[in-house]
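Structure assessment
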Amino acid sequence: MSAPQPDLRRAMRRAERGRQLTAFLMVLPLLAFLGVVFVAPIATTLTKSIASPDVSNALPQTSAMLLNWDGTSPPTEDMAAIMVPEIAGAYAAKTIAAAATRINEEQPGMRSVMMRAAREAGEMQPPYLQALTDLDPAWAETERWVHLQATATPYTARYLLAVLDLRRDQGGAIAAVPPDQALYLDYLKRTLVISLSVTLLCIVIGYPVAYFAAHARPVTARIVLACVLLPFWISVLVRTAAWMTLLQREGMVNSFLLKAGLIDAPLELIFNRLGVYIAMVHVLLPFVVLPTYNAMRTIPAAHVMAAMSLGARPFAAFRTVYLPQSLPGVSAGALLVFILALGYYITPALVGGAQDQMLSYLITQFALNLGNWGMASAAAGLLLLTTIVVYVVFRKAFGARGFTV
């Protein structure tokens, strides 16, 4: 058979490009929707972890002057002559407060210093450096202007360094914070430990449940799966509140154990790590049971029977034949549970103690209570990076087969 003629090959290529263009246009609305409601908000939030425009927006001339200053020589009258009129104008325009707050993040106590200088700047007369020094002698020191210089750039690595328990020393080098100030990596470690523990508990509990449902009669299997799916029909907040009622010292669990004579005093089942595990496992268990059950349903019973007919004991047949075939479902469910657990906030906040809060708790505190979106964004970026690393490691460890059930 002769090869296609050039005109026919071009026609086939045009037809293929047409099909590809049609497919792309069909999914374009979905891509646009994901970009607007998913990708863009995440990107906007993450940019706040490096953005620091408050000082440069409020004091553009002062910021430019500070960035050109060597950072070691004493402050001069020219420097003060640029800053004083500008902070007076920023005070009148009501933009100095945001700049002072940003400067205070670099050096605690500077907000009140900057606000006082801004209030008095409109009345100051040359020489301005002397006027500032009369207001506060520290204005004659190089160190104060160094702190201002650190905030003059519209971008900063301060937030990213902070969530890694790092900072810049006086020489500008990156160094670890003192041990008594290290906080964020401890939260990250706690988040990973709790997420891993919840994942393992879900596997240990969910695998037998899925096995029973996969080998039970259809009616029994439907009842089991209905019980597993029941948490999906109730909000996380309601489920967590129910566990708070059950696990408290006067709750149903302790009351039953006391009446049964199994304990002499109420157990501490809430506001600790145990309560967090119980509530989170209850919520996340279906994410292991369902994919595992689906994988088990596809395993032919003849495989295990063949292994036993060849002399394998029941446990050996299960371990060498049945378990490997069910692992794709288990691994997919484990990945879902682990990633979902990384971002948990409500459950640990309600049933956990002070030492059981996860990284998402810090993100909420920074964003809602403190209004520090730079730190909130940096902590969210750390959590996102952790999730990506977990996913990549999982793919390397289990391969694509871990996602096929």
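Structure first, text after, so check above.
If you're wondering where the values come from, they're calculated on a predicted model, not measured in any experiment.

**What about a positive patch on the surface?**
On the surface, Arg9, Arg13, Arg14 and Arg17 cluster together to form a positively charged patch. Here Arg13 lies in helix H1 (residues 6-47). Classification of Arg13 by relative accessible area gives partly exposed; the value is 45%.

**Points about the state of the cysteines**
Following the criterion strictly, the structure yields zero disulfides and no others. Cysteine Cys202 is unpaired, with the sulfur of Cys227 as its nearest cysteine sulfur at 17 Å.

**Brief notes about the packing of helix H10 (residues 184-215) against helix H11 (residues 218-229)**
Where H10 contacts H11, the axes come no closer than 7 Å and their chain directions differ by 150°. By the angle class used here, H10 and H11 are roughly antiparallel. Crossing angle aside, the handedness with which H10 passes H11 is left-handed. Contacts from Val209, Phe212 and Ala213 in H10 reach Thr220, Ala221, Val224, Leu225 and Val228 in H11.

**Notes on the side chain of Thr151**
Along the polypeptide, Thr151 turns up in the loop between helix H8 (142-150) and helix H9 (158-163). Once you skip the residues sitting within four places of it in the chain, Thr151 turns out to touch Ser52, Val55, Arg102, Ile103 and Glu106.

**Some words on the packing of aromatic side chains**
Applying the stated criterion across every chain yields a total of seven aromatic pairs. Note on Tyr184 and Phe366: the rings are 6.2 Å apart at their centroids and 35° apart in plane angle, and the pair reads as tilted. Separated by 182 residues along the polypeptide, Tyr184 in helix H10 and Phe366 in helix H19 (residues 359-370) bring together distant segments of the chain. Since its relative accessible area comes to 9%, Phe366 is described here as buried. Consider the rings of Tyr207 and Phe318, whose centres lie 6.3 Å apart with planes at 80°: the pair is edge-to-face. Separated by 111 residues along the polypeptide, Tyr207 in helix H10 and Phe318 in helix H17 (residues 314-342) bring together distant segments of the chain. For Tyr207, a relative accessible area of 14% corresponds to the buried category. An aromatic cluster is present here, built from Tyr207, Tyr211, Phe318 and Tyr322 joined pairwise through their rings. Looking at Arg144, its charged tip hangs above the ring of Trp139, at a distance of 5.0 Å from the centre. Over the aromatic face of Tyr187 sits the side chain of Arg190, whose NZ or CZ is 4.7 Å from the ring centroid.

**Quick notes on the packing of helix H14 (residues 273-284) against helix H15 (residues 286-297)**
The interhelical angle for the contact between H14 and H15, taken along N-to-C directions, is 35°, at an axis separation of 5 Å. The residues of H15 that touch H14, namely those facing His282, Val283 and Leu284, are Pro286, Phe287 and Val288. Counted by class, the contact of H14 with H15 contains five nonpolar, one polar and no charged residues.

Rules and cut-offs
- Residues numbered from 1 in each chain as written.
- Predicted model: local features only at pLDDT ≥ 70, side-chain atom pairs only at ≥ 80, totals over all residues.
- Heavy atoms only, no water.
- Patch = residues over 30% accessible without salt bridge, like charges linked within 9 Å, V, L, I, M, F, W, Y side chains within 5 Å.
- Areas by Shrake-Rupley, 256 points an atom, 1.4 Å probe, with all protein chains shown as cover.
- Salt bridge = Lys/Arg side-chain N within 4 Å of Asp/Glu carboxyl O.
- Lys, Arg positive; Asp, Glu negative; His and termini not counted.
- Charge placed at Lys NZ, Arg CZ, Asp CG, Glu CD.
- Helix = DSSP H or I, 4+ residues; strand = E, 2+ residues; numbered from the N terminus.
- Buried < 20%, exposed > 50% of the residue type's maximum accessible area, 1.4 Å probe, protein only.
- Disulfide = S-S within 2.5 Å.
- Axes fitted to C-alpha atoms, helices over the stretch in contact; angles between N-to-C directions.
- Parallel < 35°, antiparallel > 145°, perpendicular 65-115°, else oblique.
- Left-handed = near helix turned anticlockwise from the far one by under 90°.
- Contact = heavy atoms within 4.5 Å.
- Phe/Tyr/Trp six-rings, centres within 6.5 Å; stacked < 30°, edge-to-face > 60°.
- Lys NZ or Arg CZ within 6 Å of the ring centre and 35° of its normal.
- Nonpolar A, V, L, I, M, F, W, Y, C, P; charged D, E, K, R; others polar.

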